[in-house]
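An overview of the molecular structure
Here's the letter readout for the chains.
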Amino acid sequence: MKNTEMRKIPQMDSIINDPRLEQWAGKISRKLVTAAVRSAVEHSRKSIMDGGIYDESELYANIEKLCGRLYGKRIRPVINGTGVLLHTNMGRSPIMKEAWDDCEAVNTGYSSLELSLKTGKRGKRNGLIPFFINILTGAEGCAVVNNNAAAVYLTLNTFAAGKEVIVSRGEQVQIGGGFRVPEILALSGARLVEVGTTNITTVQDYLDAVTENTAMVLKVHRSNFAVRGFVSEPAIAELSAALPRGVILAVDQGSGVLNEKLPGEEQAALQIRDGADLITFSGDKVLGGPQAGIIAGKKNLIAAIDKNPLIRTMRPGKTIYSLLESTLLYRLNSTGGISRHAATVELAEDARAKCRKIKRGLSADKGNIIEDRICIGGGSTPDQYFDSWSLEIISEKRSAESILGLLREASPPVIAKIKDNSVLINPAVFTEEEQKHVRNVLSEIDGKL
Ligand SMILES: *Cc1c(COP(=O)(O)O)cnc(C)c1O
C-alpha cells in the first residue's frame, strides 16, 4: 500500500517543469524552485509513511507556499502608522534617503575607506566622523563600533577589566532584549560596585565607594522607563567636580540626542561640557543614522579604546561609516541642525492635515480624526508624549485586530495601532507618497469595514 502510494509521486523533473510552477520562473531561480519541490516531496513521502495517501493538490499547494515564502519573506518595507517614531521591530531609525543615495558609489565600488588619498598609504576609517561629532558635542575624539551595547562593553573592558566600576542602584537597568547593565559589566571583566538606592543616589554615595581599585563611575540613562516622585541623583557637573582624578566618568547616554532639546533626554553636548570623560550612544535612535555605537570623549581615552584589540571584533564596515558620515553632514548642513526625529515631534501637531488626506480613502462614516499622542520610543525620551492627530477607523463588522490584519496585507503593509479598542493610524512620519498609498489602501478595504 505504502509502495503504491509512493510510486504515485511524480519524478522531480516532471514536477519542476509542471506548468503550475511556471509563474515562479521569473521570480526565483530554478535552484530555489527545485529546493522547494524537494522539500514538499519529502513532506509528501513522510505523510505516506505515516499512513496517509498521495495527494497531488496538497503537494502543489505546499510547493506554492514555499516558493511564496522564498520570494516574499525578505525584509520588506512597511508604513509606520503607530505613532512610535523609532520602533525596534521596524528597524529603528530609517536612514535619510539623501544619505543613502550619497553612499551608493562608495558601497557598490571601491572606496578610500582606509586609504589616505594624500599619501597613498593606509588612512583612518573614521573619516570626518570625529570632526562632525566634535562640532555637535564638543568631544575631542570618537570611536565607532557596531552598536551602543558594544560601545559600553568596550569602554568598560578597556579601562575597568579587573577593576571596580561604581553604578547607582537606580541605574542597573535592562534596555531592550538582553542589554542588562550588570551583565555587560561582568562580561567586560569589571567588578560592579553598587551605590545608593533605586530612587536616591548622592555624590557622597559615589565618593564613599571610591577605592584605589576604582577605574570608573558609569552613569546609565534610564532610556525606557521613568521614575517619579522622591527621586534624586547628582548632576554630571557635580559628580565630575567631586570625583578624584584618575576615576573616569563615563555616561551611557543611549539615545544620541546631541544638541537638540527633547524632554526626558540629556544632550550629549551638555554632558561633555559638564565633565563627562566618555559618553556612549546609538547611531540609529534619535541621531537618525545607521545602527552603530559611538564612544565620544577625551582624546587620550579614545586613543586607548582604539588600541584595545577587541575593537576589531566590533568594527563596522564601509556601509556604516559612509552612512554615518553622510547623515551627520546632512544634519550639519540643514537649517536648525537638529535630528529629523526631534524635528518630527516638534511638528507632531501638523499631522492633522495628513490625517485629512488619508481619510479621503474612507467613506465618511468610517473615519474620524482624533487627538492623539506620539512618542519617540526605541530607547529614548521615556514616558514623554507629544500631541498629535490620528485617523480612527470605524467598523461595524470587524474587530480591531482584524482591521490591523487587513492593513498588514497591503503592499507595502500599513502598521497601525489599537487604542481603547479602536484602530488608529498616525501619519506623523508619512511622506507624500506614503499618504497616497495609505489613502489607496483605505479605499480598498473600505468595503470590508
Ligand atoms: C539603546 C540603549 C542601549 C543599547 O544600544 P544598542 O544600540 O541597541 O546596542 C544601551 N544603553 C542605553 C542607555 C540605551 O538607551
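Definitions and cut-offs
Residues numbered from 1 in each chain as written. Predicted model: local features only at pLDDT ≥ 70, side-chain atom pairs only at ≥ 80, totals over all residues. Heavy atoms only, no water. Helix = DSSP H or I, 4+ residues; strand = E, 2+ residues; numbered from the N terminus. Expected span 1.5 Å × (residues − 1). Buried < 20%, exposed > 50% of the residue type's maximum accessible area, 1.4 Å probe, protein only. Arc of directions from axis to C-beta. Contact = heavy atoms within 4.5 Å. Near = heavy atom within 4 Å. Polar contact = N/O pair within 3.5 Å; in protein donor to acceptor, adjacent residues only side chain to side chain. Areas by Shrake-Rupley, 256 points an atom, 1.4 Å probe, with all protein chains shown as cover. Nonpolar A, V, L, I, M, F, W, Y, C, P; charged D, E, K, R; others polar. Patch = residues over 30% accessible without salt bridge, like charges linked within 9 Å, V, L, I, M, F, W, Y side chains within 5 Å. Salt bridge = Lys/Arg side-chain N within 4 Å of Asp/Glu carboxyl O. Lys, Arg positive; Asp, Glu negative; His and termini not counted. Charge placed at Lys NZ, Arg CZ, Asp CG, Glu CD. Core = buried A, V, L, I, M, F, W, Y, C linked by side-chain atoms within 4.5 Å. Disulfide = S-S within 2.5 Å. Axes fitted to C-alpha atoms, helices over the stretch in contact; angles between N-to-C directions. Parallel < 35°, antiparallel > 145°, perpendicular 65-115°, else oblique. Phe/Tyr/Trp six-rings, centres within 6.5 Å; stacked < 30°, edge-to-face > 60°. Lys NZ or Arg CZ within 6 Å of the ring centre and 35° of its normal.

Quick word on helix H3 (residues 30–49)
In this model, H3 (20 residues) spans 28 Å end to end at C-alpha, consistent with the 28 Å of a helix rising 1.5 Å per residue. Those residues of H3 that fall on the buried side of the exposure criterion are Val-33, Thr-34, Ala-36, Val-37, Ala-40, Val-41, Ser-44 and Ile-48. In a view along the axis of H3, the buried residues occupy a sector of 160 degrees, so they form one face of it. Opposite the packed face of H3, turned more than 90 degrees from it, sit the exposed residues Lys-31, Arg-38 and Lys-46. On its buried face, H3 sits against helix H1 (2–8), helix H2 (12–16) and helix H4 (56–72). Positive phi appears at Gly-51, one or two residues downstream of H3, with a value of about 100 degrees.

Looking at unusual backbone geometry
The amide bond that connects Ser-411 to the next residue, Pro-412, takes the cis arrangement and shows omega of -5 degrees. Topologically, Pro-412 is positioned in the loop between helix H17 (400–408) and strand S13 (414–415). Although it is not a glycine, Arg-92 adopts a positive phi angle of roughly 50 degrees. Turning to its location among the elements, Arg-92 is positioned in the loop between strand S1 (79–80) and helix H5 (97–102). The phi angle at Asn-421 is positive, at roughly 70 degrees, despite the residue not being glycine. In this structure, Asn-421 sits in the loop between strand S14 (417–419) and strand S15 (422–425).

Structural notes on H4
For H4, spanning 17 residues, the distance from its first C-alpha to its last is 24 Å, which sits close to the expected 24 Å at 1.5 Å a residue. Those residues of H4 that are buried are in contact with H2 and H3.

Remarks on the site of the ligand
Around the ligand, a shell composed of 13 residues is seen, among which Arg-92, Ser-223, Asp-252, Ser-282 and Lys-285 lie nearest. One of the backbone nitrogen or oxygen atoms of Ala-149 is found 2.9 Å away from an oxygen atom of the ligand. Here the ligand, which alone exposes 380 Å², has 93% of that area covered by the protein. Of all elements in the fold, only helix H8 (148–160) and strand S8 (248–254) reach the threshold of two or more residues within the shell around the ligand. Residue composition of the shell around the ligand, by class: three nonpolar, seven polar and three charged.

A closer look at a negative patch on the surface
Taken together, Glu-349, Asp-350, Glu-371 and Asp-387 make up a surface patch of like negative charges. You can see Asp-387 is positioned in strand S12 (residues 386–393). You can call Asp-387 partly exposed: its relative accessible area is 48%.

Points about the nonpolar core
Grouped together as the largest cluster of nonpolar side chains are 33 residues, with contacts concentrated most on Ile-129, Val-217, Ile-279, Phe-281 and Leu-328. Grouped together as the second largest cluster of nonpolar side chains are 31 residues, Leu-154, Ile-175, Leu-301 and Ile-302 included.

Here we look at the side chain of Thr-82
Within the secondary structure layout, Thr-82 lies in the loop between S1 and H5. Engagement of the side chain of Thr-82 in a polar contact is seen with the side chain of Asn-80, the distance being 2.5 Å. Reaching out from Thr-82, the side chain makes a polar contact with the backbone nitrogen of Val-84 at a distance of 3.2 Å.

Observations regarding the state of the cysteines
A full pass over the atoms with the stated rule returns zero disulfides. The thiol of Cys-142 is not disulfide-bonded; the next cysteine sulfur, from Cys-103, is found 16 Å away. Cys-142 sits in the buried class, given a relative accessible area of 3%. Note on Cys-375: no disulfide assigned, nearest cysteine sulfur contributed by Cys-355 at a separation of 16 Å.

Thoughts on the packing of helix H16 (residues 351–359) against helix H18 (residues 432–445)
Interaxial distance between H16 and H18 falls to 8 Å at its minimum, and their mutual angle equals 40 degrees. Here H16 is positioned oblique relative to H18, judged by the angle of their axes. Of H18, the residues touching H16 (which contributes Lys-354, Lys-357 and Ile-358) are Glu-432, Gln-435, Val-438, Arg-439 and Leu-442. Split by residue class, the contact of H16 with H18 holds three nonpolar, one polar and four charged.

Things to note about the environment of Ala-105
Along the chain, Ala-105 turns up in helix H6 (residues 104–108). Look at Ala-105 and you get exposed, because its relative accessible area is 56%. C-alpha separation for the pair Ala-105 and Thr-344, spaced 239 residues apart in sequence, amounts to 29 Å.

Some points on the side chain of Asp-372
Looking at the element boundaries, Asp-372 is found in strand S11 (residues 367–374). Only 2.7 Å separates the side chain of Asp-372 from the side chain of Ser-390, close enough to count as a polar contact.

Notes on the packing of aromatic side chains
Under the criterion given, the structure shown has two aromatic pairs. Each ring, one from Trp-24 and one from Tyr-71, has its centre 6.3 Å from the other, and the planes form 65 degrees; the classification is edge-to-face. Taken as a pair, Trp-24 in the loop between H2 and H3 and Tyr-71 in helix H4 lie far apart in primary sequence, 47 residues in all. Of the residues examined, Tyr-71 reaches a relative accessible area of 34% and is grouped as partly exposed. Here Phe-131 and Phe-132 contribute two aromatic rings whose centre-to-centre distance is 6.3 Å and whose plane-to-plane angle is 50 degrees, an arrangement assigned as tilted. Residue classification places Phe-132 among the buried residues on the basis of a relative accessible area of 6%. The aromatic ring of Trp-24 is capped on one face by Lys-27, whose charged end is 5.2 Å from the ring centroid. Residue placement shows Arg-373 over the ring face of Tyr-385; its charged tip is 4.3 Å from the ring centre.

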